[in-house]
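Topology and contacts: notes
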Amino acid sequence: MIRKATQEDIIPVAELYNEAIDYEDSRIKYTSWQKGIYPTADTARLGVKNGSLYVFEENGAILASVILDTHQPPEYRSVSWGVDAGVGGALVIHTLCVAPKRSGSGVGSAIVDFAKALAKEKGCIAIRLNTTTRNLHATHLYKKNGFTTAATKKILLNGQIHCNEHYFMEFVL
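Presented here is a report on the structure given in the accompanying data block.

Definitions and cut-offs
Residues numbered from 1 in each chain as written. Predicted model: local features only at pLDDT ≥ 70, side-chain atom pairs only at ≥ 80, totals over all residues. Heavy atoms only, no water. Helix = DSSP H or I, 4+ residues; strand = E, 2+ residues; numbered from the N terminus. Expected span 1.5 Å × (residues − 1). Buried < 20%, exposed > 50% of the residue type's maximum accessible area, 1.4 Å probe, protein only. Arc of directions from axis to C-beta. Phe/Tyr/Trp six-rings, centres within 6.5 Å; stacked < 30°, edge-to-face > 60°. Pairing = 2+ DSSP bridges. Right-handed = clockwise from strand over helix to strand, strands pointing away. Contact = heavy atoms within 4.5 Å. Polar contact = N/O pair within 3.5 Å; in protein donor to acceptor, adjacent residues only side chain to side chain. Salt bridge = Lys/Arg side-chain N within 4 Å of Asp/Glu carboxyl O.

Remarks on helix α3 (residues 107–121)
Helix length check: α3 (15 residues) gives 21 Å between terminal C-alpha atoms against 21 Å at 1.5 Å per residue, within 8%. The set of residues buried in α3 consists of V107, G108, S109, I111, V112, A115, K116, L118 and A119.

Some points on helix α4 (residues 136–144)
For α4, the full list of buried residues reads A138, T139, L141 and Y142. Projection of α4 onto a plane perpendicular to its axis shows the buried side chains occupying an angular sector of 160°, all on one side. Facing away from the buried surface of α4 by more than 90 degrees, the exposed residues are L136, H137, H140 and K144. Remark: G146 follows α4 within two positions and exhibits a positive phi of approximately 90°.

With respect to the packing of aromatic side chains
Two measures describe an aromatic ring pair: the distance that separates the ring centres and the angle between the ring planes. The full count for this structure, using the stated rule, is six aromatic pairs. With a centroid separation of 5.3 Å and 40° between ring planes, the pair formed by Y76 and W81 is classed as tilted. Taken together, a centroid distance of 5.6 Å and an interplanar angle of 45° make the contact between F147 and F171 tilted. Taken together, the residues F147 in the loop between α4 and β6 (148–157) and F171 in strand β7 (residues 161–172) connect sequence positions 24 residues apart. Cluster of aromatic residues (ring-pair linked, three or more members): Y76, W81 and F168.

Notes on the pairing of strand β5 (residues 126–132)
Buried residues dominate β5, accounting for six of its seven residues. Pairing of strand β4 (residues 90–98) with β5, which is carried by three bridges, proceeds in the parallel orientation. Looking across to β5, one finds that L91 is bridged to I127. Handedness of the β-α-β unit built from β4, α3 and β5 comes out right-handed.

Here's the deal with the environment of V13
By the secondary structure assignment, V13 is in helix α1 (residues 10–25). Sequence-wise, V13 and C97 are 84 residues apart; in three dimensions their C-alpha atoms are separated by 8.9 Å. Leaving out residues up to four positions away in the same chain, V13 has contacts with A44, L53, V55, I62 and S65.

Quick look at the environment of N135
Mapped onto the secondary structure, N135 falls in the loop between β5 and α4. In this structure, the C-alpha to C-alpha distance between N135 and L96, residues 39 residues apart in sequence, is 12 Å. Within the structure, the side chain of N135 is placed 3.1 Å from the backbone nitrogen of A138, a separation counted as a polar contact.

Here we look at unusual backbone geometry
Residue P39 is reached from Y38 by a cis peptide bond, and omega for that bond is -5°. For N59, which is not glycine, the phi torsion reads 50° and is therefore positive. In this structure N59 comes out as exposed when scored by relative accessible area, which is 80%. Despite not being glycine, T95 shows a phi value in the positive range, around 55°. Its place among the elements puts T95 in strand β4.

Concerning the side chain of E170
Inspection of the secondary structure puts E170 in strand β7. In this structure the side chain of E170 is engaged in a polar contact, spanning 2.9 Å, whose partner is the side chain of R128. Excluding its chain neighbours within four sequence positions, the residues that come into contact with E170 are W81, G82, V83, A126, I127, R128, G146, F147 and T148.

Some thoughts on the pattern of salt bridges
Inspection of every chain in the model, using the stated rule, returns six salt bridges. Across the pair D42 and R45 runs a salt bridge whose closest N-O atoms are separated by 2.5 Å. Taken together, the positions of D42 and R45, both in helix α2 (residues 41–50) and three residues apart, correspond to about one turn of that helix. Each of R3, D9 and E57 takes part in a single network of salt bridges with overlapping partners.

So this is what it looks like as structure tokens:
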């Protein structure tokens, strides 16, 4: 079940972020996330405060989380998107995190489907996101769900982390 997150979900979501970062650190680093810098409990806390954090829960366990809002980071301004969504016309997927043990199980696709339905409900005409070019799991997830790449460029993630190249991807509703 996907639902809006509550205050009680902040710590489990932060633990999910750390689990994903630890998993990457023990293998191949494919995101730009850094423990204690981004994402953190403060990321989840702000998402709850803004009403934009959603969780995928199964049998009482949070297996995934995502922030969905219409805030496009500054880097998005220089991208030649497929459609002109104007201010508030694109839903943005931020910080999609699936528990490593559930990777490839369809949880990510369920969240993308949820985002598509939410975007339609909000009257958006597109869904946008960015992910590192190294993140093959995420890139595959988004491409198989109809997203196309609008640009590839380096960014400063969350204003703090210098990143390798990111894909800027879009799904037009």
